[in-house]
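# Structural features, examined
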Amino acid sequence: MMPRATDTAYEAVRQMILSGRAEAGSRLGEAELAETLGLSRTPVREALQRLGADGLVEVLPHRGARVVSWTREDLDEIFELRSLLEPHAAARAARIGQDEAVLRDLRGQCDAMDRAAADGDLALLARLNSRFHAAVIEASGNRRLPAMLTSVMHAPLILGTFRRYDAEELARSMNHHRELVAALTARDPAWAEAVMRAHVRAAAANITGEPNEER
């Protein structure tokens with residue numbers, strides 16, 4: 001089945017944003033995008049609306065859209081939400097238990113992230129990291145959490161979080177992933193929650209320059 005033009009436009013522009021080719025704050029004109037993608041303006045317009053709902057772009061009436069950019073206050077709010085919701089998701093995933101197939105997949109993702117880190121492929125590492133977090137959220141069994149976290153999960157990708165890490169910080173982040181899988185394997189909610197909270201707070205400190213304070 002051929003993909004719909006809107007889906008094609010959505011994926012193309014989404015990858016432009018997440019890869020950093022379309023930088024935060026840059027304009028996304030409908031006409032320019034349509035010409036670049038070889039599509040009409042209607043699917044491009046619909047794609048931008050979807051990306052607006054995802055929190056990746058800000059739609060500008062009669063002017064297309066622009067890639068979102070964040071103030072310090074925005075980032076504080078993003079990481080406040082993540083520090084509340086992601087530890088809850090991790091604890092819930094551990095509490096309900098995961099079958100071996102899920103745990104094996106998470107371990108495989110950890111292996112892939114370690115390889116990307118060793119190769120210095122930080123763009124791939126960011127995508128794999130996002131996929132890992134999404135898998136943990138999915139494993140929580142709460143059907144509403146993925147939608148609630150969609151927009152706030154994009155910030156580290158767009159801001160290139162891992163480019164800001166030194167070797168020690170990168171190793172700690174990778175170890176957090178491994179420890180989280182160990183906590184899920186042990187079905188220990190308190191352990192899983194604590195690891196995820198530490199992981200998110202470390203990311204917040206890296207991006208904002210100081211720890212994300214719980215309110």
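Everything that follows concerns the structure shown earlier in this document.
Residues numbered from 1 in each chain as written. Predicted model: local features only at pLDDT ≥ 70, side-chain atom pairs only at ≥ 80, totals over all residues. Heavy atoms only, no water.

### Brief notes about the sheet that holds strand S2 (residues 57-59)
Test applied: Strand pairing follows a simple DSSP-based rule, namely that at least 2 bridges must link the two strands. A run of DSSP states H or I qualifies as a helix once it reaches four residues; a run of E qualifies as a strand once it reaches two. Both are numbered from the N-terminal end. Whether two residues touch is decided by their heavy atoms; if any such pair falls within 4.5 Å, the residues are in contact. Every axis corresponds to a line fitted to the C-alpha atoms, with the helix fit spanning only the stretch in contact, and the corresponding angles, defined between N-to-C directions, vary from 0 to 180 degrees.
Here we have three strands laid out as an open sheet, ordered S1-S3-S2, and antiparallel in their pairing. The open sheet has two edge strands with one neighbour each: strand S1 (27-28) and S2. Both S1 and strand S3 (residues 65-67) contribute to a ladder of two bridges, which runs antiparallel. Bridged to Arg27 within S3 is Arg66. The strands that helix H3 (residues 41-54) touches are S1, S2 and S3; relative to S2, the one it contacts most, it runs at about 120 degrees.

### Focus on unusual backbone geometry
A negative phi angle is the norm for most residues apart from glycine, just as the trans form is the norm for most peptide bonds. Applied cut-off: When a residue's accessible area, from a 1.4 Å probe over protein chains only, is under 20% of the maximum for its type it is buried; when over 50% it is exposed; and in between it is partly exposed.
Notably, Arg187 is not glycine yet its phi reads approximately 55 degrees, a positive angle. Here Arg187 shows up in the loop between helix H8 (167-185) and helix H9 (189-208). Residue Arg187 is classed as exposed on the basis of its relative accessible area, which comes to 53%.

### Here's the deal with H8
Selection criterion: By this rule, a helix spans an expected 1.5 Å times one less than how many residues it contains. Between N or O atoms, a polar contact is any pair within 3.5 Å; within protein, one atom must be a potential hydrogen donor and the other a potential acceptor, and residues adjacent in sequence are included only when both atoms are from side chains.
End to end, H8 covers 27 Å across 19 residues, agreeing with the expected 27 Å (1.5 Å per residue, within 8%). Here H8 has its buried residues at Leu170, Ser173, Met174, His176, His177, Leu180, Val181, Ala183 and Leu184. Turning to H8, the residues buried within the fold contact helix H4 (72-96), helix H5 (100-119), helix H6 (122-139) and H9. Of the residues that open H8, the one with a side-chain oxygen 3.2 Å from the backbone nitrogen of Glu168 is Asp166. Directly beyond the C-terminal end of H8, a positive phi value near 55 degrees is found at Arg187.

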